Amino acid sequence: MAGDNAAARILGTGFYVPPRVVTNDDLAQMFDTSDEWIQQRSGIQERRFSGPEDTPAAMGEKAARLAIANAGLAVEDIDMIIAATLSPDHDFPGSACFIQARLGLPGTAALDIRNQCTGLLYSLTVADALIRAGQHTNILVIGTEVHSTGIDLSTEGRDVAVLFGDGAAALVLGPTDNPEVGLLGHCLHADGRGARDLWIPAPGSSYFPHRAPKSMYEDKSVFPQMNGRAVFKHAVTKLPKVMAEVLEKTGYRLEDVDILVPHQANLRINEAVAKHMGIPPEKVVHNIMKYGNTTAASIGIAMHEAREDGRIQPGSLVLLAAFGSGFTWAASLVRF
Ligand code: COA
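Overview of the structure.

About the thresholds
- Residues numbered from 1 in each chain as written.
- Predicted model: local features only at pLDDT ≥ 70, side-chain atom pairs only at ≥ 80, totals over all residues.
- Heavy atoms only, no water.
- Near = heavy atom within 4 Å.
- Polar contact = N/O pair within 3.5 Å; in protein donor to acceptor, adjacent residues only side chain to side chain.
- Areas by Shrake-Rupley, 256 points an atom, 1.4 Å probe, with all protein chains shown as cover.
- Helix = DSSP H or I, 4+ residues; strand = E, 2+ residues; numbered from the N terminus.
- Domains from an automatic or database assignment.
- Expected span 1.5 Å × (residues − 1).
- Buried < 20%, exposed > 50% of the residue type's maximum accessible area, 1.4 Å probe, protein only.
- Disulfide = S-S within 2.5 Å.
- Pairing = 2+ DSSP bridges.
- Core = buried A, V, L, I, M, F, W, Y, C linked by side-chain atoms within 4.5 Å.
- Contact = heavy atoms within 4.5 Å.
- Salt bridge = Lys/Arg side-chain N within 4 Å of Asp/Glu carboxyl O.

### Looking at the site of the ligand
Neighbouring the ligand are 20 residues; T33, R158, G228, R229 and N266 lie closest to it. One of the side-chain N or O atoms of W37 is found 3.2 Å from an oxygen atom in the ligand. A distance of 3.0 Å separates an oxygen atom of the ligand from a polar atom in the side chain of R158. Protein contact buries 71% of the 970 Å² of open area that the ligand shows by itself. Elements represented by at least two residues in the shell around the ligand include exactly helix 2 (35-42), helix 6 (158-161), helix 7 (228-250) and strand 12 (317-324). For the shell around the ligand, the leading source of residues is helix 7, giving 4 residues. Among the domains, domain 1 (7-178) and domain 2 (183-335) are the pair contributing at least three residues each to the shell around the ligand.

Right, here's the structure in full:
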């Protein structure tokens, strides 16, 4: 077990996306939309849809094994698993338990975090605190989502259906004695007044007498519902604020940041935020074109790709920022 107050750092990263590529033209075969509309509004060109074998836990396990190998650790070195997902394998138990069983780690702590697009940053914050407290040593943080089986692939659901894709990302966090590196600080926020601006109403225990009302398919309350304009406004106002907040909290300036890895929800949102803050385009990671919005996985996938292509190097100062359903918004500052 780590000593008290050891800082935490990212030891390894990995991701997995299912092999089936679904292009905008493929979606246009299913309902009334077009490649032009989707690219203009969101920047998305294609996304992945999982098959029956790629459940959230199965994809989470694949991403986890890659991240553990990337960290130079063995599976047995992991002493806690945190899984962030809005699309768990089952209502209960959480997907972290299923991933733990798949990894063959009986007895290891397993926690699910339900914070949608900010799930990975909420999870990083919890993991960081547990490592600093000496409670756990090597924590696996996973974001994993299967959206494709839960969206309304008809013209009625097209505003949401075109935006989301399936995938998983994993990070391994561990202690470090080097005060120059690691997770430098986090800011987490939420405003539940916007809870119904991006949500799936049913099934749920607020329904009586049955949590899965028979009407949920007819009235489509089983599908995600989004007030797109409200979400857009929330994102472009809160993201700059939370990024500035985490920089102030940690004593860094925006110019010190080598690279921004934002949640991949909409290329236009991220471009607008970067422009507003004066961050040059080459300092912002975008991969939404290939994967759509993979929610809790998106920052992890983008971070791993930026490490792979050399944009994140040892010593890089990386700003992570996310917003989404809840509403929730968050930022973390990391030195690799
Ligand atoms: N294909 C074609 N047309 C579509 C469409 C689609 N997939 N989805 C909606 N439309 C139509 C609408 O029906 C509407 O038609 P109308 O003018 O005849 O009524 C028109 O396009 C404009 O719709 P609107 O909702 O006003 O578009 P918009 O410019 O606000 O863009 C979003 C919609 C969803 C792209 C935008 O609001 C957005 O990006 N919001 C944030 C979403 C987000 O990031 N969600 C995830 C958060 S984690």
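### Notes on helix 5 (residues 119-132)
Between the first and last C-alpha of helix 5 there are 20 Å, a value that for 14 residues agrees with the 20 Å anticipated at 1.5 Å per step. When we look at burial in helix 5, the residues that qualify are G119, L120, L121, Y122, S123, L124, T125, A127, D128 and I131. The positive-phi residue at the C-terminal boundary of helix 5 is G134, with phi of around 80°.

### Remarks on the state of the cysteines
According to the stated counting rule, one finds 0 disulfides in the structure shown. We note that C117 lacks a disulfide partner, and the nearest cysteine sulfur, in C187, lies 19 Å from it.

### Quick notes on the pairing of strand 4 (residues 80-84)
Counting buried positions over the 5 residues of strand 4 gives 5, a clear majority of the element. Side chains M80, I82 and A84 project from strand 4 onto one buried face, and the interleaved I81 and A83 project onto a second face that is buried too. Pairing of strand 4 with strand 5 (residues 109-113) involves 5 bridges; the strand directions are parallel. What sits directly across from A83, in strand 5, is D112. Direction of pairing for strand 4 relative to strand 6 (residues 139-145): parallel, over a ladder of 5 bridges. Note on strand 6: the bridge partner recorded for A84 is G143.

### Describing the nonpolar core
Residues L27, L239, M243, L260, L319 and F323 are the most contacted members of the largest nonpolar core, which totals 41 residues. Every element with two or more residues in this core is listed here: helix 6, helix 7, helix 8 (267-277), strand 12 and strand 13 (328-335). Per-element tally for this core: the top contributor is helix 7, with 7 residues. Both domains that meet at this core, namely domain 1 (7-178) and domain 2 (183-335), each give it at least three residues. Residues in contact with L319, not counting those within four places in the same chain, are M243, V246, L254, V257, I259, L260, V261, S332 and L333.

### Some points on the pattern of salt bridges
One pass over the structure, following the stated rule, counts 14 salt bridges. D32 is paired through a salt bridge with R158; the nearest N and O atoms lie 3.6 Å apart. Here D32 is found in the loop between helix 1 (24-30) and helix 2, whereas its partner R158 is found in helix 6, with 126 residues between them in sequence. Here R193 and D191 are joined by a salt bridge, their closest N and O atoms 2.8 Å apart.

### Some details on helix 3 (residues 56-70)
Taking 1.5 Å as the rise per residue, helix 3 with 15 residues should run 21 Å; its terminal C-alpha atoms sit 21 Å apart, in good agreement. For helix 3, the complete set of buried residues consists of P56, A57, A58, M59, G60, E61, A63, A64, A67 and I68. Each element contacted by the buried residues of helix 3 is listed here: strand 1 (7-16), helix 4 (95-103), strand 6 and strand 7 (167-176).

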